[in-house]
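Chains, contacts and geometry: an overview
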Amino acid sequence: MPNKIYDSIRTVYFSPTGTSKQIAEAITRGIAAPANGSTVFALPGSASRLAAQAIDLTHRSEPAAVELSAETVTVIAAPVYGGRIAPVAVKRLAGIRGSGGPAVVVALYGNRAFEHAVEELAALAARQGFVPVAAAAFVGEHSYSTPATPIAAGRPDAQDLASAEAFGQEVRQKLESGDAAPIDASQLKDRRAPSLSTLRFIRFVLKYRHQQKRHPVIYLPECDAERCTHCGRCAAICPVGAILRSDETRTDPALCIRCCACVKGCPTGARTFHTPFAEALSRNFFRRKEPVTLL
Ligand SMILES: Cc1cc2nc3c(=O)[nH]c(=O)nc-3n(C[C@H](O)[C@H](O)[C@H](O)COP(=O)(O)O)c2cc1C
Ligand code: SF4
Ligand code: SF4
């Protein structure tokens, strides 16, 4: 039986601070590498054309209603929040449906742990009508990382992007070999942090929860009104509309998901987010973790 022909690649992501987007694009570049007479990929256009086929869920308030064909290879990437796929990403992915085509599921995490996030994304993709043929967890700069409390600062770096592209090429080879079998994402194992770091972090979390029970504190991004030029950038990049244009010094605590896109995107440094997690994460998870992949 002749191999199936794939005629398009779609890159789907939710990515407030851009790391999921960067890795998804690098994997897509790997899959879309020059055809070399492939009988399996009949992709139109160049890499730039492929980039234009991205479905960016970061700023959509409603789930997009998109149905992708069985001939489309889909790369789905989203960040890990609290060991799970960011809930807003899950909600927005609900509108993306497959028709039995292959999907590559990728979780981006901030060098602590991805826990069950990749499994969750693979299960979600399967429910949405995709066949998850490959899975990966990559490290991105932690949303809470600051110069004083760096956590995976600057990642994904050139090495991560090269790994992502190489992973994309492996996905392509898998599909070219006629293998579009689903993976078991539970087989993708996290690289363990040193036990002492993990124990120290667990102790920090327990203490934090205890304190929150007794004296609850709402941690929210702050805005220094002296520094704010009301350029509106934070309101434009907030994925959930928690900042109103012309009233940028305020943040809606009910809407804010603490993604830190506004903090990282403010050109004057007016926005900051102070959370005790930043110090605890920086202290305990400074050892570099490498990406893990499963085909
Ligand atoms: C609310 C929240 C919870 C997070 N939880 C985790 C976590 O459990 N483990 C981890 O390693 N990183 C965690 N992170 C860090 C993000 O997963 C990481 O920075 C990711 O690269 C962000 O993706 P983006 O750039 O596509 O927004 C968390 C970030 C936020 C904002
Ligand atoms: S991005 Fe910064 S300077 Fe611009 S409106 Fe927001 S807080 Fe103010
Ligand atoms: S206001 Fe909250 S949700 Fe919006 S960009 Fe800032 S941290 Fe993210």
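Residues numbered from 1 in each chain as written. Chains lettered and ligands numbered in written order. Predicted model: local features only at pLDDT ≥ 70, side-chain atom pairs only at ≥ 80, totals over all residues.

Counting its regular elements, the protein contains 9 helices and 11 strands. For the protein, whose C-alpha radius of gyration is 20 Å, the value lies close to the compact-globule estimate of 19 Å for 295 residues. Expressed along its principal axes, the backbone C-alpha trace of the protein runs to roughly 65 × 45 × 35 Å. Here the protein, with 295 residues, has 43% of them falling under the buried criterion. If you take every contact in the protein between residues at least 6 apart in sequence, the share linking residues at least 24 apart comes to 79%. (Helix = DSSP H or I, 4+ residues; strand = E, 2+ residues; numbered from the N terminus. Rg over C-alpha atoms; globule rule 2.2 N^0.38 Å. Buried ≥ 20, exposed ≤ 12 C-beta atoms within 10 Å, placed from the backbone. Contact = placed C-beta atoms within 7 Å.)

Right, let's get into the domain arrangement of the protein. What the domain assignment lists for the protein is domain 1 (8-191 + 288-294) and domain 2 (222-273). Here the C-alpha centroids of domain 1 and domain 2 sit 27 Å apart. Taken together, the contact between domain 1 and domain 2 spans 8 residues of the former and 9 residues of the latter. Here the side of domain 1 that touches domain 2 is composed, by residue class, of 3 nonpolar, 5 polar and no charged. (Domains from an automatic or database assignment. Nonpolar A, V, L, I, M, F, W, Y, C, P; charged D, E, K, R; others polar.)

The next point concerns the site of ligand 1. Surrounding ligand 1, one finds 24 residues, the nearest of these being Thr19, Ser20, Pro79, Gly110 and Gly140. Counting residues per element, the ones that place at least two in the shell around ligand 1 are α1 (19-31), β4 (72-81) and β7 (102-109). The element best represented in the shell around ligand 1 is β4, accounting for 3 residues. Residue classes in the shell around ligand 1 are distributed as 9 nonpolar, 12 polar and 3 charged. Both domains that furnish three or more residues to the shell around ligand 1 are identified here as domain 1 (8-191 + 288-294) and domain 2 (222-273). (Near = placed C-beta within 6 Å.)

All right, on to the environment of Thr72 then. The topology assignment puts Thr72 in strand β4. C-beta crowding within 10 Å serves as the criterion here: with 19 such atoms nearby, Thr72 is assigned to the partly exposed category. Separated by 137 residues in sequence, Thr72 and Arg209 have C-alpha atoms that sit 45 Å apart. The residues contacting Thr72, other than those within four sequence positions of it, are Tyr6, Ser8, Ile9, Arg10 and Gly101.

Turning our eyes to something else, we now look at the nonpolar core. Of all hydrophobic cores here, the largest spans 76 residues; its most connected members are Ile27, Ile76, Val105, Val106, Ala107, Val118 and Leu121. Inspection of this core shows a minimum of three residues originating in each of domain 1 (8-191 + 288-294) and domain 2 (222-273). (Core = buried A, V, L, I, M, F, W, Y, C linked by C-beta atoms within 7 Å.)

For the rest of this paragraph, the subject is the site of ligand 3. If you check the shell around ligand 3, you find 14 residues, and the closest are Cys238, Ala242, Cys256, Cys259 and Cys262. The residue makeup of the shell around ligand 3, split by class, is 12 nonpolar, 1 polar and 1 charged.

Let us look at helix α6 (residues 195-214). Its 20 residues give α6 an end-to-end C-alpha distance of 29 Å, which sits within 8% of 28 Å, the value for a rise of 1.5 Å per residue. Of all 20 residues making up α6, only 0 are buried, and the element is barely covered by its neighbours. (Expected span 1.5 Å × (residues − 1).)

So, about the packing of α1 against helix α5 (residues 158-176). Packed helix pairs are specified by the crossing angle of their axes together with the interaxial distance, meaning the distance between the axes. Where α1 contacts α5, the two axes come as close as 6 Å, and the packing angle between them is 45 degrees. The angle between the axes of α1 and α5 places the two elements in the oblique class. The element α1 and its partner α5 pack so that their crossing is right-handed. Contact with α1, carried on its side by Gln22, Ile23, Ala26, Ile27, Thr28, Arg29, Gly30 and Ile31, involves Leu161, Ala164, Glu165, Ala166, Phe167, Gly168, Gln169, Val171 and Arg172 of α5 and no other residues of that element. (Axes fitted to C-alpha atoms, helices over the stretch in contact; angles between N-to-C directions. Parallel < 35°, antiparallel > 145°, perpendicular 65-115°, else oblique. Left-handed = near helix turned anticlockwise from the far one by under 90°.)

The next subject is the packing of α6 against helix α9 (residues 276-284). Running from amino to carboxyl end, α6 crosses α9 at an angle of 170 degrees, the nearest separation of the two axes being 9 Å. Relative to α9, the element α6 lies roughly antiparallel. Here α6 runs over α9; the crossing is right-handed. Contact residues: Ser197, Arg200, Phe201, Phe204 and Tyr208 in α6; Pro276, Ala280 and Asn284 in α9. Looking at the contact of α6 with α9, its residues break down into 5 nonpolar, 2 polar and 1 charged.

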